[in-house]
Amino acid sequence: MSELFDAVDALLASRASLPPPEERRRLRKAHGLTIDEVATALRVRRATVSGWEAGKTEPRPPERDAYARLLDGLAKLYPLPAPADFGTGTGAAEENTAAPEASTGPATREAEARTVSPGRPSQAAATNTAEATTTAEATAAVKATRAAGTRTTTAATTTAENPQARPAPSVSAPAAVARPARAAGPSSAAHRPGGESAKKAGSVGNPEGGTDGRFENGPLAVVDVDADGQVLAYCTGGLVLDVPAKTLPALVEWTLTEGGFGQPKLSGPGKDADPLLVLTEAALERYGLPVALTDEERLAGRIPEGHKAVRQLARAGWQLTQRGFGPWARIYRPAQGSDRQCVQLCVPSWQALDSRHWGHAAQLPPADLARVLGVYASRVMTPRGSTAVTGLELMTALHPPTRASQPDATGKRHSEHNPGSLGKDPVDPAPCEVPDGHPLLADLPRFHVRGPGEKLFEEAYDWARPMTDAECTVRYLVGIDVNMAFAAGANGLVVGLGAPTHVRQPVFDPKLPGSWLVDLSHVDLSRVKVGKDEWADLDGSLLPSPFTPTGERPEGPAWYATPTVAYAVELGYEVRPLEAYVRYDNGRYLDGWYNRLRDAYLATMADLGVRADMAPADFLAAMDGYKERDPEMAIVVSAIKATVKGGIGKLRERPRGEGWRPGRPWRALARPTWRPDIRAAVISRTRVNLHRKIVKHAAFTGQYPVAVLSDCVVYAADGTSPLDFLPYRDGTPLPGGFKLGVNPGLVKHEGTQTVLWGEEVRERFDAPALNLARYIKDGTVTGADNGE
């Protein structure tokens, strides 16, 4: 009988019970172990352990028995919270006490559900001396691996829904906080901006407010090849998948059929985001693609159509978009009904990730790059190309051009215009709104130069003036910069949705978007209205004009967008337009776009220890060195900012080569989102918003700006901090003036230099009105715009 019992015991040992995948992950993280450390101790591949924790595969003997005993030992050290903890919702908060606030949005609840399992197999609670000994041995092996220096960046990453698993820096001394190491315990609650902002932000990790089983592995993956020649897909959340595909067509097929990648649509009538694969240099070599483009290919923006990889795709029935196989390639098959088959590729070594916006992201290890792009995708959207392209695509994703109609008499639905969108067909703007070379101007003489009376010229500020004698006696020049200025300008802005209507001798209506030909030269900044029935006498010679980008006073009639003309009325002056192009079909098209980018920006800044509820001094301290706390999240912040500016700029995309000639259409004109009037309105409102704050500040303090560049303003001050010249009383800023804070439209410290530095720079270049705002950040005088 003893032999029979031994045989039964052997069977039981060969099928050791394991806790659920979520619990396996929780126990590993609770002990501060990485996937690599566990894999090394069990003598398996890291992708194998990742598959066990994801529930995609199950361990087999003999690894299964050792893995089970490791998990049993960890379960004794880190038992699940009592059921009452889940009812009160305190478990996650206790596990992540370093976080200043925890979001109560759906994404956080989902992350908690994944991190803390509601139950654990009873076998994990069993205790005996032999198991304890084996667990101790396994743990010792893991510690030995750690001592040997084995480390993975993947385990330090977090899910896209919860990119802030590391402790937040102390607000009292943020500059001294370095990027923390891996959290010792299970931490799943993400930072969110405090106060009202947190309520508005909600869940930025998942636009639908929950998980989607179709996209269980997230929106994207970074494809790489390890030292053993195995192709791996690094996903968001630290998951690593083995990729069996041997060819590029097989990789595309695997992505769509087995990968589980994608992102739910952002709007009801919209479309799900296509999966994104980022190919490292090793992956490019594996799939027969060049690691770098030749000069000819770089100028063409693609590899030749006769390339072996392109021919492979064609033979497999796949197609490329008109832009071909370039840094951002889209591979698709024509849709069959609602079945959409499309994969997007990103090739960092082909300059897909512009270093001006993505920093050193292209040089990051695969796991870290997956984290950066995953956070951006979850908070903004899956990248569709450059940040400018993504910013424009985000507008369309939030306001799709069409929707399904109500059922007709036969019960069928049809595609119809989606109210509030720009529609699916482009519209011609007004002649004054188009750039030079547009087909509407084809009849103009070749070298004709349009003046203000023919061309709408709404651009950002580039203005400066010589310093006064009084300003030269103070010690410092302090620059302040408006956060997300163009996003704030888009917030609540009413823009045209359809074609313009030409009107002569119109009565100005500030609520009607359009372009107005009007003379504003009579507006005198020496006396302006600063409130209801409240006027202020100012030194107009020290102020830039709000009506021109150069700050010079206009001369005669010129074309202006509605916000600029409305501001002239706000300053207390009558306006009489001569003609206008107005849009009666209008709406707040950019509100959703602003809200999503604002939430993405605030959430990521909160990850870096800068929250929306900070006092002015605490905010300035938190901003000092915030990028060094987590350089990867700093990259995300930069990309979000570039998405704002680039998206607005794309509304008036100019021709780029392609054999274009003046008077002929270019590719961008075929888009319904080619809307220079909307771009002009946003820039107009942004400039007016800044001038309003400048006037309020001058009326209250008697201080005037020395230079203004886009969204950066420089003042002469006795101290080095913005608090040395911004009027705060008991922590309350001047109503309508500049306010320190992280929210869009508020300001931060851009930089401080001495007055002597400013005078020396202007003298060196023999330019008394050189724009010092361009160099105020670090004092380095170059041709680049340092303003953010």
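Anything mentioned here points back to the structure above.
So, here is what we can say about the structure in this document. (Residues numbered from 1 in each chain as written. Predicted model: local features only at pLDDT ≥ 70, side-chain atom pairs only at ≥ 80, totals over all residues. Heavy atoms only, no water.)

**Observations concerning the pattern of salt bridges**
The following threshold applies: By salt bridge we mean one thing: a side-chain nitrogen of Lys or Arg within 4 Å of a carboxyl oxygen of Asp or Glu. Secondary structure counts use DSSP, requiring at least four H or I residues in a row for a helix and at least two E residues in a row for a strand, with both numbered from the N terminus. Only protein chains enter the accessibility calculation, which uses a 1.4 Å probe. A residue is then buried if its area is under 20% of the maximum for its type, exposed if over 50%, and partly exposed in between.
Counting across every chain of the model gives 41 salt bridges. Residues arginine 583 and glutamate 433 are paired through a salt bridge, measuring 2.8 Å at the closest nitrogen-oxygen approach. Taken together, the residues span a long stretch of sequence, with arginine 583 in the loop between β18 (579-582) and β19 (586-587) and glutamate 433 in the loop between β9 (415-417) and β10 (462-464) at a distance of 150 residues. For the pair arginine 583 and glutamate 433, a shared accessibility class is recorded, and that class is buried. For glutamate 653, the salt bridge identified is with lysine 650, shortest N-O distance 3.1 Å. Across the pair, lysine 650 and glutamate 653 agree in class, each one buried.

**Quick look at the sheet that holds strand β4 (residues 276-279)**
This is how the line gets drawn: Here the rule is simple: two strands pair whenever DSSP picks up at least two bridges between them.
Spatial strand order, β3-β2-β1-β4-β7-β6-β5: seven strands in an open sheet with mixed pairing. The open sheet has two edge strands, β3 (240-242) and β5 (319-320), and neither has a second partner. Bridge analysis of β5 against strand β6 (residues 328-336) gives two bridges, and the strand direction is antiparallel. Pairing of leucine 320 across the sheet is with isoleucine 331, part of β6.

**Section: the nonpolar core**
Using the following cut-off: In plain words, nonpolar cores are sets of buried Ala, Val, Leu, Ile, Met, Phe, Trp, Tyr and Cys residues tied together by side-chain atoms within 4.5 Å. Here a residue-residue contact requires only that any non-hydrogen atoms of the pair lie within 4.5 Å.
Core analysis: the largest hydrophobic core is formed by 116 residues, its most contacted members being Trp358, Trp593, Met605, Ile640 and Phe738. In terms of residues, this core owes the most to one element, helix α25 (residues 676-701), which gives nine residues. Setting aside its immediate chain neighbours within four residues, tryptophan 358 contacts Leu353, Val372, Leu373, Tyr376, Thr387, Ile635 and Ala639. Grouped together as the second largest cluster of nonpolar side chains are 34 residues, Val243, Ala245, Ala309 and Leu313 included.

**Thoughts on α25**
One turn of the α-helix equals 3.6 residues, which is why residues spaced by three or four share an orientation. Rule in force here: The span expected for a helix works out to 1.5 Å for each residue beyond the first.
Along its 26 residues, α25 runs 37 Å from first to last C-alpha, staying within 8% of the 38 Å computed at 1.5 Å per residue. With respect to burial, α25 is a largely interior element, 19 of its 26 residues being buried. Once α25 ends, the next one or two residues include glycine 702, with phi positive near 80°.

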